[in-house]
Each structure stands twice: as C-alpha cells, then as structure tokens.
Amino acid sequence: MPSFMSYQQHASVITTDLGSEVVLLHPDTQQMFTLNEAGRAVWLALPATREALLAHLVGTFDVTPDEAGEDLDGLLERLDRAGLVRTT
C-alpha cells in the first residue's frame, strides 16, 4: 500500500463502540460489521496513514511490525471493499 495514502472513516458509517469491539453499520448497504479489539484500535485511530496505524498497533498490542502489517493490510482492504473507509 502506498505510504502517502491516508485512510478515513466514511462519513455516513454509524459506529457503536462497545469497549472491546466496535460495531459498524453502513446505512447505504444496511450491512453490519464487527471489529475486534485490534480492529477497534485501527478504526478509532482514523484518519491516519498506514504507517501511523501500524505504529499504533505495535505500540498497543504485543505484536511485531510484520505480524501487525499483514493483519492491518487485510483489514484496510476489507474496510475499503465494504465502503467503510475512504482514501485520500
């Protein structure tokens, strides 16, 4: 993923923060998504670049940059495909 790309929450997504996870509702598609604790940390850190999100995950959880990077890329791809994030 390009290092200059910034991710931000899509403005119409409804977020319910349950503390250890977050539930997202995309009002246009009526689809609900649940993010675990790490996904929640990413979601709440937006807007941010991939590098900033990676640093946040490594600083928050007991993971290596390689482990976190692979999971982060997968999450960002899924959020993008579902229309939950926008890139700038």
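Please refer to the structure placed before this passage.
Think of each chain on its own: its residues are numbered from 1, step by step along the sequence as written. At least 70 in pLDDT is required for a residue's local features to be given in this predicted model, at least 80 for side-chain atom pairs to be given and counted, and no such filter applies to totals for whole chains, interfaces and linings, which use all residues. In computing side-chain values, all of the structure's heavy atoms are included and hydrogens and water are not.

A.B. asks: Give me helix α3 (residues 65-81): which residues, what numbers.
C.D. replies: For an α-helix, the turn length of 3.6 residues means that residues three or four places apart are oriented alike. Labels follow the DSSP assignment, with helices taken as runs of H or I lasting at least four residues and strands as runs of E lasting at least two, numbered in each case from the N terminus. Expected helix span is computed as 1.5 Å times (number of residues minus one). Over its 17 residues, α3 runs 24 Å from end to end, which matches the ideal 24 Å to within 8%, given 1.5 Å per residue. Within α3, burial applies to Ala 68, Gly 69, Leu 72, Leu 75, Leu 76 and Leu 79. Looking straight down α3, one finds that the buried residues subtend no more than 135° of arc, so they occupy a single side. Within α3, the exposed residues directed more than 90 degrees away from the buried face are Asp 66, Glu 70, Asp 71 and Arg 81. Where α3 is buried, its residues meet β1 (6-9), β3 (22-26), β4 (31-35), α1 (37-45), α2 (50-60) and β6 (85-87). Categorising residues by exposure relies on relative accessible area from a 1.4 Å probe, with only protein chains included: less than 20% of the type maximum marks a residue as buried, more than 50% marks it as exposed, and the intermediate range marks it as partly exposed. The arc in question is the one spanned by the directions pointing from the helix axis to the C-beta atoms. Residues are treated as being in contact if the distance between any of their heavy atoms lies within 4.5 Å.

A.B. asks: If you had to explain the environment of Leu 44 to someone new, which residues and values would you point to?
C.D. replies: Within the fold, Leu 44 resides in helix α1. When the C-alpha positions of Leu 44 and Gln 8 are compared, they lie 9.9 Å apart, and in sequence the two are 36 residues distant.

A.B. asks: Could you give me a rundown of the sheet that holds strand β2 (residues 14-17), with the residues and numbers involved?
C.D. replies: A pair of strands is labelled paired if DSSP reports no fewer than 2 bridges between them. Ordered by their spatial adjacency, three strands build an open sheet running β2-β3-β4, and the pairing between neighbours is antiparallel. For this open sheet the edge positions go to β2 and β4, each flanked by a neighbour on one side alone. Each neighbouring strand pair of the sheet contributes to a mean axis angle of 20°, computed without reference to strand direction. The sheet contact formed by β2 and β3 spans four bridges and is antiparallel. Counterpart to Thr 15 in the pairing with β3 is Leu 24. Seen against the sheet, α1 touches β2, β3 and β4 and runs at an angle of roughly 105° to β4. Angles run from 0 to 180 degrees between N-to-C directions of axes, and those axes are lines fitted to C-alpha atoms, restricted for helices to the stretch in contact.

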